[in-house]
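Residues per chain are reported as follows:
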Amino acid sequence: LMKQHGFSQIPVSDGCEIIGVFSYRSFSLGTLRFEDERTNVLNLTVADFLENLPFRSLGDPFEDVIDDLDRLDAVLVGTPENLSAIISAMDILRYLYGVTSPFVLVAEIELAVRALMTWSASAIQLQDCFRRSLSNLYKEENLPSTVDGLTFSDYASVIGHGDNWEKHFKETFGSTRTDVRAKLSGVAEIRNHLFHFRREISGEEFEELTLVRDWLLRRSKMTQNKQPRAKLEVA
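Residues numbered from 1 in each chain as written. Predicted model: local features only at pLDDT ≥ 70, side-chain atom pairs only at ≥ 80, totals over all residues. Heavy atoms only, no water.

Trainee: Honestly, the pairing of strand 4 (residues 74-79) in this entry has me stumped. Any pointers?
Mentor: The side chains of a regular strand alternate between the sheet's two faces. Extensive coverage of strand 4 is indicated by the burial of five of its six residues. Pairing between strand 3 (residues 55-56) and strand 4: two bridges, direction parallel. Considered in strand 4, the bridge of Phe55 is made with Leu76. Note on the crossover from strand 3 through helix 3 (residues 66-72) to strand 4: the handedness is right-handed. (Buried < 20%, exposed > 50% of the residue type's maximum accessible area, 1.4 Å probe, protein only. Helix = DSSP H or I, 4+ residues; strand = E, 2+ residues; numbered from the N terminus. Pairing = 2+ DSSP bridges. Right-handed = clockwise from strand over helix to strand, strands pointing away.)

If you want it as structure tokens, here you go:
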């Protein structure tokens, strides 16, 4: 029944009070206690395999339950007389993945863009690209000198500039200048909403980030494979 309904543990009550939890874990550990070869564990009862999980309230700090989750894989939320939920380590993992994965995607995108730009042109050539495409946005003394000093919106401006594209970025980024600029501008807009916590991003926006990340990683692998290998010199 647990497998059929997708549960790894179930609370067991006696009347209105929770007296323990039955789980794959508690059953596996419980069978080790019965060393009598004449005992068939399948003839035992659920009560023979219960274990106690700690109860936590909804207001408890998250860090207070980490050790319990590490040790027991789950905690109970509520009280023995009023159980609200069971939270497992996998529940926490899925929640944290949902919260952090958009930020990870944006970070991967930004690092890939920087790498591709660095492989596309020398430091001096990149500075020339910045002057051509960003001089209307920055005063001369504030003009970025490296890719690390660019904002995300700057990436689209620099890479999508006509002269910059033809001279340096066309082969590295592939596709068309219009398409690449549109992809980077779209990510910049999603990034602004995400990093300023204006709203949660939609499923379509998450998919867009994933597609752009995958595209950039492919271009990075293709470009990296073309980079000259450093020769190993033996003294």
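Picking up after the structure, the text goes on.
Trainee: Looking at this structure, how should I read the packing of helix 7 (residues 162-173) against helix 9 (residues 203-226)?
Mentor: If you want to describe how two helices pack, look at the angle between their axes and the distance between the axes. Remark: helix 7 packs on helix 9, axes separated minimally by 9 Å, with the N-to-C direction vectors making an angle of 110°. Taken together, the axes of helix 7 and helix 9 lie roughly perpendicular to each other. Judged by residue contacts, Glu171, Thr172 and Phe173 of helix 7 engage Trp215, Leu216, Arg219, Thr223 and Lys226 from helix 9. Split by residue class, the contact of helix 7 with helix 9 holds three nonpolar, two polar and three charged. (Axes fitted to C-alpha atoms, helices over the stretch in contact; angles between N-to-C directions. Parallel < 35°, antiparallel > 145°, perpendicular 65-115°, else oblique. Contact = heavy atoms within 4.5 Å. Nonpolar A, V, L, I, M, F, W, Y, C, P; charged D, E, K, R; others polar.)

Trainee: Honestly, helix 5 (residues 123-134) in this entry has me stumped. Any pointers?
Mentor: Each α-helix turn comprises 3.6 residues. Residues three or four places apart therefore point the same way. Along its twelve residues, helix 5 runs 16 Å from first to last C-alpha, staying within 8% of the 16 Å computed at 1.5 Å per residue. Among all positions in helix 5, only Leu126, Cys129, Phe130, Ser133 and Leu134 are buried. Buried residues along helix 5 cover an arc of 100° about the axis, so they all sit on one side. Of the surrounding elements, those touching the buried residues of helix 5 are helix 4 (89-120), helix 6 (152-160) and helix 7. (Expected span 1.5 Å × (residues − 1). Arc of directions from axis to C-beta.)

Trainee: I would appreciate a short explanation of the pairing of strand 5 (residues 82-88) in the present structure.
Mentor: Sheet topology places strand 4 next to strand 5; six bridges connect them, and they run antiparallel. Each residue of the ladder has a partner; that of Gly78, found in strand 5, is Leu83.

Trainee: What am I meant to see in the side chain of Ser88 here?
Mentor: Within the secondary structure, Ser88 sits in strand 5. Residues contacting Ser88, with those up to four places away along its chain left out, are Gln9, Leu69, Asp73 and Ala74.

Trainee: When you look at the environment of Tyr155 in this model, what are you seeing that I'm missing?
Mentor: Tracing the backbone shows Tyr155 in helix 6. On the basis of relative accessibility, which here comes to 0%, the residue Tyr155 falls in the buried class. When the C-alpha positions of Tyr155 and Glu200 are compared, they lie 24 Å apart, and in sequence the two are 45 residues distant. Once residues within four sequence positions are removed from consideration, Tyr155 is found in contact with Glu110, Val113, Arg114, Met117, Val147, Leu150, Gly160 and Leu184.

Trainee: What exactly am I supposed to notice about the pattern of salt bridges here?
Mentor: Side chains that carry opposite charge are capable of pairing whenever their charged atoms lie near each other. Under the criterion given, the structure shown has 13 salt bridges. Between Asp148 and Arg114 there is a salt bridge, and its shortest N-O distance comes to 3.6 Å. Taken together, the residues Asp148 in the loop between helix 5 and helix 6 and Arg114 in helix 4 connect sequence positions 34 residues apart. The class for Arg114 is partly exposed, based on a relative accessible area of 23%. Asp214 serves as the salt-bridge partner of Arg213, at 2.7 Å between the closest nitrogen and oxygen. (Salt bridge = Lys/Arg side-chain N within 4 Å of Asp/Glu carboxyl O.)

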